[in-house]
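Here is what each chain is made of, one letter per residue.
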Amino acid sequence: MIEAWPTADDPFGHPREACGVVGIAALAGRRVDAARAAFFALYALQHRGQESAGIATQVGDRVHIHRGMGLVAQVFTEDSLAPLQGPVALGHTRYSTTGSSVLANAQPYLIETLHGPLALAHNGNVTNARALRRALLARGVGLVSTSDSEVLTLMLAEPAEGEDGVPDWPARLDRIMTRVQGAFSLVVLAGGALYALRDPLGLRPLCLGELIGGQGEVVGHIVASESAAFGTVGARFVREVAPGEILRLDADGVARLRAPEEARRPALCVFEYVYFARPDSQLEGRDVYMARMALGRELAAEHPADADLVIGVPDSATPAAMGYAAAVGLPYGEGLMKNRYIGRTFIQPGEALRRSSVRLKYNPIRENLAGRRVVLVDDSIVRGNTMGPLVRLLRQAGATAVHVRISSPPVRHPCFMGIDLASHAELVADRLSVDEVCAHIGADSLGYLSVEGMGRAVGTGPRRGHCAACFTGDYPVNVDEHRGERG
Ligand code: SF4
């Protein structure tokens, strides 16, 4: 399981997700509370980042912004939303992957330019950020934070070639598309319009929707990291923003400024299917929930088990566990109850609680476990320091055998594209064989889904590519800047 543990220093060593972005633009003559819609969309994207949140809106040449550390519901109140007026808004919820966890790195970024304010929200990680940063410094541009998103903002502030006093936003955004490497799903607020762009490989998701008014009419448009945000604000899913595509959203509607690069094989992060995206989101035209069920079915075909009951680690592994149970013909049941109200806290658990961290989060359902041989399905094992305590918890609750099944392959490589998994040295599957991991977690047996099985489940094929570099080491972008840095 990959869980973003709430404490500031991530004491249980779980990987962190990237970020969530949202943009709202009302159509001319339509009343849309853009900031409120952005708030509720961010609320639906909370799982993508719990460190900070922010919303910026624009009225005329003035941008209003509110940012803060913590959960979306902690950062915003009626009082802080009230000044965020205007028909366009962009929002961000963050979990840092580069740059430290301080307010200076909270997004949206906002700077003043010769042509008015420029705000930006970024999901992803730029893999050539150091080179771009050096180039900015060499041109005399100063930076105030350690975030790669600031680099993108300052690159956008620079005039495009041949500009004659009027900012050429399509050209400036095109420059981002051609010079920046890595993962970037961006929403930019400039000159009263929103711009949405997705990197040429489509590493991180971004989708487009229509805001629907009281009479069923379209009143505006929304872009968001995941389609799960649309239902929350009464929006209708239209389509995904294609890899390499640039859109403008404003009072006139949606315009495509740059077409996707059809020739390039996309590389959406396969971990979005495995864990990151909400199960009620759609990716590449399919429900994440159904993809997770398929991961479970493939896992069952590769690693059946002689057992009485299949349970999943809640909540992210539940669909895979259900798929597994259906495929092997075993009953599916609940064996663990999760405390869903654990939020971000700066209270450190202390050594004793840290050791029993799993108990803070999960309670066994003894009636379902006692005297039974259990298959425990989880979506991934990264550092391996949660699964062992979970297996012990099930045994203490009376399970007579615990067979662990993982609906993704062993994670053996770090991610440099926006997901803070772990360093090589921390990845348990990089240090230990499958049998050794099994012994380490104290399970009766352990089975991981193969890379091929994962590809079958999520539909990787000649026309649909996915990044699976943390499993295979085959990175879709040049990561030389980072080699050696994390292992
Ligand atoms: S390395 Fe793994 S987590 Fe990172 S983008 Fe690729 S599949 Fe996703």
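Throughout, residues of each chain are indexed from 1 in the direction in which the sequence is written. It should be noted that, the model being predicted, local features are given only for residues of pLDDT at least 70 and side-chain atom pairs only at 80 or more, the latter also being counted only at that level, while totals for whole chains, interfaces and linings use all residues.

Peer 1: Explain the overall build of the protein to me, please; I cannot follow it from the model alone.
Peer 2: On a plain count of helices and strands, the protein comes out with 18 helices and 23 strands. Buried, partly exposed and exposed are defined by the number of other C-beta atoms within 10 Å of a residue's own C-beta, namely 20 or more, between the two limits, and 12 or fewer respectively, with C-beta atoms placed from the backbone. Across the 487 residues that make up the protein, the buried fraction comes to 53%. Here contacts are defined at the residue level, using C-beta atoms placed from the backbone and a cut-off of 7 Å between them. When contacts within the protein are restricted to residue pairs at least 6 apart in sequence, those whose partners lie at least 24 apart make up 72%. A run of H or I in DSSP counts as a helix once it spans at least four residues, and a run of E counts as a strand once it spans at least two, with each numbered from the N terminus.

Peer 1: Is there a simple way to think about the site of the ligand in this case?
Peer 2: Neighbouring the ligand are Leu203, Cys269, Val270, Phe271, Cys415, Met417, Ile419, Cys467, Ala468, Ala469 and Cys470. Residue composition of the shell around the ligand, by class: 11 nonpolar, no polar and no charged. Using a C-beta atom placed from the backbone for every residue, we mark a residue as near a molecule or strand if that atom lies within 6 Å of it. In this count, Pro and Cys sit with the nonpolar residues alongside Ala, Val, Leu, Ile, Met, Phe, Trp and Tyr, while Asp, Glu, Lys and Arg are called charged and the others, Gly among them, polar.

Peer 1: Please clarify how the sheet that holds strand β7 (residues 185-190) should be interpreted in this entry.
Peer 2: Strands belonging to one sheet form pairs held by backbone hydrogen bonds; the direction of such a pair is parallel or antiparallel. Here six strands make up an open sheet; going across it, the order is β5-β6-β7-β8-β12-β13 and the pairing antiparallel. Of all the strands in the sheet, the pair left with one neighbour each is β5 (109-113) and β13 (253-258). Adjacent strand axes in the sheet meet at a mean angle of 20 degrees when their direction is disregarded. We call two strands paired when DSSP finds no fewer than two bridges between them. In this sheet, strand β8 (residues 193-198) lies alongside β7 in antiparallel orientation, the contact comprising six bridges. Residue Ser185 lies in a different strand from β8, and its bridge partner there is Arg198. Axis lines are fitted to C-alpha atoms, over the contacting stretch for helices. Their N-to-C directions set the angle, which ranges from 0 to 180 degrees. Along the sheet, helix α5 (residues 148-157) makes contact with β5, β6 (116-123) and β7, crossing β6 at roughly 145 degrees. Across the sheet, helix α6 (residues 169-179) is in contact with β7, β8, β12 (246-250) and β13; its angle to β8 comes to roughly 25 degrees.

Peer 1: Is there a simple way to think about unusual backbone geometry in this case?
Peer 2: With an omega of 5 degrees, the peptide bond between Gln107 and Pro108 qualifies as cis. With respect to the element layout, Pro108 can be found in the loop between β4 (88-94) and β5. Positive phi values are uncommon outside glycine, yet Glu284 reaches one of about 50 degrees. When you line up the elements, Glu284 lands in the loop between β15 (282-283) and β16 (286-287). The exposure class of Glu284 is partly exposed, given the 17 C-beta atoms found within 10 Å.

Peer 1: Hey, could you run me through the nonpolar core in this one?
Peer 2: Taken as a class, soluble globular proteins show a tendency for nonpolar side chains to be buried jointly. Put simply, a nonpolar core is a cluster of buried Ala, Val, Leu, Ile, Met, Phe, Trp, Tyr and Cys residues tied together by C-beta atoms within 7 Å. In this structure, Val22, Ala38, Ala41 and Val223 are the most contacted members of the largest nonpolar core, which totals 151 residues. In this entry, domain limits derive from an automatic or database-based domain assignment. Of the residues that make up this core, three or more belong to each of domain 1 (19-264) and domain 2 (290-460).

Peer 1: Help me out: how do you make sense of the packing of helix α4 (residues 129-138) against α5 in this one?
Peer 2: Packed helix pairs are specified by the crossing angle of their axes together with the interaxial distance, meaning the distance between the axes. The geometry of α4 relative to α5 is characterised by a closest axis approach of 10 Å and an angle of 45 degrees between their N-to-C directions. Comparing their axes, α5 and α4 come out oblique. As for the relative orientation of α4 and α5, their crossing is left-handed in sense. Contacts from Ala129, Leu132, Arg133 and Leu136 of α4 reach α5 at Asp148, Val151, Leu154 and Met155. Residue composition of the contact of α4 with α5, by class: six nonpolar, no polar and two charged. Every angle not falling under 35 degrees, over 145, or within 65 to 115 is termed oblique; those three ranges are roughly parallel, roughly antiparallel and roughly perpendicular. What makes a crossing left-handed is the near helix being turned counterclockwise from the far one by less than a right angle; a clockwise turn instead makes it right-handed.

Peer 1: Looking at this model, I keep getting lost on the pairing of β8. Mind explaining?
Peer 2: Moving residue by residue along a regular strand, the side chains alternate between the two faces of the sheet. Across the six residues that make up β8, a large majority, five, are buried. Where β7 hands over to β8, the hairpin turn is made up of two residues, of which Gly191 adopts a positive phi near 60 degrees. Summarising the sheet, β8 and β12 pair through four bridges and their orientation is antiparallel. Of the residues in β12, the one forming a bridge with Tyr195 is Arg248.

Peer 1: Got a minute to help me understand the confidence of the model for the protein in this structure?
Peer 2: Interpretation of the predicted coordinates at a detailed level should be avoided for regions scoring low in pLDDT. Per residue, pLDDT captures the predictor's confidence, and it can take any value from 0 to 100. Confidence in the prediction of the protein, expressed as mean pLDDT, is 89, and 90% of residues score 70 or more. Scored below 50 in pLDDT, residues 1-15 makes 48 contacts in the model with residues more than four places away or belonging to other chains.

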